[in-house]
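# Analysis of the macromolecular model
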Amino acid sequence: MGPVPPRTRRRGLPSTAARTARKLGEIRRAQLITTYGVGAMIAVENESFLVRGIDSWDISEAPFISEPRLAWQLGVAGFRMPPAPDTDSARDGVRAVRFPEMYSCPTCHQLQPFRKFNSPTGRAECSTCQESLVPSRFVMACTHGHLEDFPYWKWVHRGNRTESGGCGGQLTFQADGSTASLRAVQIGCSCGVEKVSLEGSFRRQALRELGIRCSGRRPWIKDAAAEVCQEPPRTLQRGSSSVWFPVMHSALSIPPWSQGIAKLVAPHYNDLKDEDAASIKVYVRIRKLLLHRPKYTDEDVVAEVERRRAAETVATEPVDDTEAAKRAGDYRRKLYEGEYRSLSKPHPEDAEEDQEFVCVPPVASIDALRTSLGLAQVMLVKRLREVRVLQSFRRVEEPSPADSQLRQAAISLEKPSWLPAFEVSGEGVFLRLDPERLRSWEEQPEQVARATRIRENHERLLSARAGDSDKQVPPSPATPRFLLLHALAHTLINEWSLDGGYPAASLRERLYSDEDMAGVLIYTATSDSAGSLGGVVAQGEPDRLAVSLRAALHRASWCSNDPLCMESQASGADSLNMAACHACLLLPETSCENNNILLDRATLIGTPEDQSIGFFHDALR
Ligand SMILES: [Zn+2]
Ligand SMILES: [Zn+2]
Ligand SMILES: [Zn+2]
Ligand SMILES: [Zn+2]
Ligand SMILES: [Zn+2]
């Protein structure tokens, strides 16, 4: 590898930023949303950085991503792909800042802010010992997303209410490498105070009992004032997943947006949205927008811009938080309904259109699947595009639909007009259950009772999470129908990955469940231009599907943890599953859009006492 080209210095950036940027360059754009998004920490060699808010990114070269339906749901004008670092132009759009501040030296054991080590530029070294420094393994955070250095001084000077550093001593950090236990991590101070290990520091009230409060800091946002915060601060491992949970949303691109005039205008919309009809027509002529597009006129372009502008005005006009949350909920429901409608209808390939959504029924008849397996429809989704967006993130606890506004950590100082996103393309199979058979099945008292038990546990958890905030607790989606569709998706993903050789993590589910919807989309999609792994569509050919669905149901009828698993009345961390565990139904987290909760194998195959309560019990005979 040749030398790194010289970089232009940018205002306000420490010299280490260039190093970070070079490393950030090794991070794929999609990871800047899924793994290393705004507010997340990135370990770079022996240093650690925090990804800055989107308002400090240089997005001049960040491509626009169009997905109007999702933009309306989230109340923004549009999406941008995170800027990709480009070593040639010495640009790195995504900014990062050093965090945590506290480092220690494994040789002299000093524990202090990084700058006090006088490390040579471009390295992270103790200038006394020439030893590589180690960033603090521990940080402090709260459920409102605030983040700060672990309060080592206050921890070791237990209960001392003076300012940090009030003794004038030098802190030390010693870890006995022979064990990973917190008891082996000893914090000391040269003032002579007794050494204290970090044992017990992860207890819920451990820091609060020492009078330590959250100071409401948001170091990922430039110039963010500290917020008043009453939440108990918690100790977290810097590298643990609970430091950063992304809050992502996604939508499939469906007609009319995915093709025709809407798709043609989408990449230019930002240039056109503030223009009048005459200027739009000039733009169309100069940019040769309609070259090879005999179907459309410049009037069509004007109409499309106006249509979209009207829709956007409604979506992004300022409203209060309650109204925004309600509207987001409505849009989300509409989004899924729109997809469900599109998936249920043939959208064949059209050589004249540049399509993002192609979906057709299989050529062979699905009669056998209908009569013996209760499927009403199978669609082969030959082409799909999905846009995934980072809206916010959480710390300490996983996101919940009951989260109050306060828990939704901001990704910029002001409410953003755009959100970071990436698009993936792929293919999948859509299955719809026979509504009549479903209706009589879901009224069975045993299934109703099982679903009710999960729903009650779920709603108890949701209202605990909403706490005493004004937010209305959202209802749990757990119904017999939802549990059945969810178990079906998981068992098919398991089967296809074992049988078809796809890594399970590359297959995803999307569930369409409410009174008028009963469908499952199983798909694979990547941001790779090479497209998906291919072959998933073939799993939807009726003969093959009948075989794999039967095999999946057989597999689901037995778990290596049975009889325990099958008899379980409430499994999983919060008792949000019934008969489901890691040995049978649970999937890698990337595959499941529902956090691996609300799963019950008995919906598919019944219980040992009564197999007939399984939706598919006939198929197993
Ligand atoms: Zn040292
Ligand atoms: Zn001291
Ligand atoms: Zn806080
Ligand atoms: Zn199991
Ligand atoms: Zn799932």
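Residues numbered from 1 in each chain as written. Chains lettered and ligands numbered in written order. Predicted model: local features only at pLDDT ≥ 70, side-chain atom pairs only at ≥ 80, totals over all residues. Heavy atoms only, no water.

## Section: unusual backbone geometry
- Of the consecutive residues Phe99 and Pro100, the connecting peptide bond is found in the cis state with omega at -5°.
- In this structure, Pro563 follows Asp562 across a cis peptide bond, with omega equal to 5°.
- Looking at the secondary structure, you find Pro563 in the loop between α15 (542-556) and α16 (564-567).
- Positive phi values are uncommon outside glycine, yet Gln130 reaches one of about 50°.
- Note that Gln130 resides in the loop between β8 (125-126) and β9 (131-132).
- The backbone of Asp223 shows a phi angle near 60°, a positive value even though the residue is not glycine.
- Of note, Asp223 is situated in the loop between α5 (206-209) and β16 (234-237). (Helix = DSSP H or I, 4+ residues; strand = E, 2+ residues; numbered from the N terminus.)

## Details of the domain arrangement of the protein chain
- Per the domain assignment, the segments making up the protein chain are domain 1 (136-237), domain 2 (254-316) and domain 3 (321-620).
- Computed from C-alpha atoms alone, the centre-to-centre distance between domain 1 and domain 2 is 55 Å. (Domains from an automatic or database assignment.)

## Let's talk about the sheet that holds strand β13 (residues 171-175)
- As summarised here, the arrangement of the three strands in space is β13-β14-β15, forming an open sheet in which the pairing is antiparallel. Edge positions in the open sheet fall to β13 and β15 (196-197), since each of these has one partner strand only.
- The pairing of strand β14 (residues 185-189) with β15 spans two bridges and is antiparallel. For Ile187, the partnering residue across the bridge sits in β15 and is Val196. (Pairing = 2+ DSSP bridges.)

## Thoughts on the sheet that holds strand β12 (residues 147-149)
- The strand order β12-β11-β16 describes an open sheet built from three strands, whose pairing is antiparallel. At either margin of the open sheet sits one strand with a lone partner, and together these are β12 and β16. Strand-to-strand twist across the sheet, computed as the mean angle between neighbouring axes with direction ignored, equals 40°.
- Here strand β11 (residues 138-141) runs beside β16; their pairing, made up of four bridges, is antiparallel. In the sheet register, Met140 faces β16, and the bridge partner there is Thr235. (Axes fitted to C-alpha atoms, helices over the stretch in contact; angles between N-to-C directions.)

## Thoughts on the coordination of the zinc ion (ligand 5)
- Bound to the zinc ion (ligand 5) on the protein side are His486 (NE2), His490 (NE2), Glu509 (OE), Glu509 (OE) and Cys592 (SG), at distances that span 2.0 to 2.6 Å.
- On the primary sequence, the residues serving as donors to the zinc ion (ligand 5) are separated as H-x3-H-x18-E-x82-C. Separated by 83 residues along the polypeptide, Glu509 in strand β21 (residues 507-514) and Cys592 in the loop between α16 and α17 (602-605) bring together distant segments of the chain.
- What makes Glu509 buried here is its relative accessible area of 2%. (Donors = N, O, S within 2.8 Å, 3.2 Å for Na, K, Ca; no water. Buried < 20%, exposed > 50% of the residue type's maximum accessible area, 1.4 Å probe, protein only.)

## Observations concerning the packing of helix α14 (residues 480-500) against α15
- It is the contact of α14 with α15, at a shortest axis distance of 9 Å, that shows an interaxial angle of 110°. As summarised for this structure, α14 and α15 are arranged roughly perpendicular, according to the angle between their axes. Within the contact between the two elements, α14 uses Leu488, Thr491, Leu492, Glu495, Trp496 and Leu498 and α15 uses Leu545, Ser548, Leu549, Ala551, Ala552, Arg555 and Ala556.
- Residues that form the contact of α14 with α15 fall into these classes: nine nonpolar, two polar and two charged. (Parallel < 35°, antiparallel > 145°, perpendicular 65-115°, else oblique. Contact = heavy atoms within 4.5 Å. Nonpolar A, V, L, I, M, F, W, Y, C, P; charged D, E, K, R; others polar.)

## Focus on a negative patch on the surface
- A cluster of like negative charges, contributed by Asp271, Asp274, Glu275 and Asp276, occupies part of the molecular surface.
- Locating Glu275 in the fold gives a position in the loop between α7 (269-272) and α8 (277-286).
- The exposure class of Glu275 is partly exposed, given its relative accessible area of 32%. (Patch = residues over 30% accessible without salt bridge, like charges linked within 9 Å, V, L, I, M, F, W, Y side chains within 5 Å. Areas by Shrake-Rupley, 256 points an atom, 1.4 Å probe, with all protein chains shown as cover. Salt bridge = Lys/Arg side-chain N within 4 Å of Asp/Glu carboxyl O. Lys, Arg positive; Asp, Glu negative; His and termini not counted. Charge placed at Lys NZ, Arg CZ, Asp CG, Glu CD.)

## Focus on the environment of Ile493
- By secondary structure assignment, the location of Ile493 is in helix α14.
- Residues Ile493 and Trp72, 421 residues apart in the sequence, show an inter-C-alpha distance of 31 Å.
- Residue contacts for Ile493: discarding those within four places in its chain leaves Ala504, Leu507, Arg508, Glu509, Ile522, Leu587 and Ser591.

## Focus on the pairing of β21
- Across eight bridges, the pairing between β21 and strand β22 (residues 517-526) is antiparallel. Note that in β22 the partner of Tyr512 across the bridge is Gly519.

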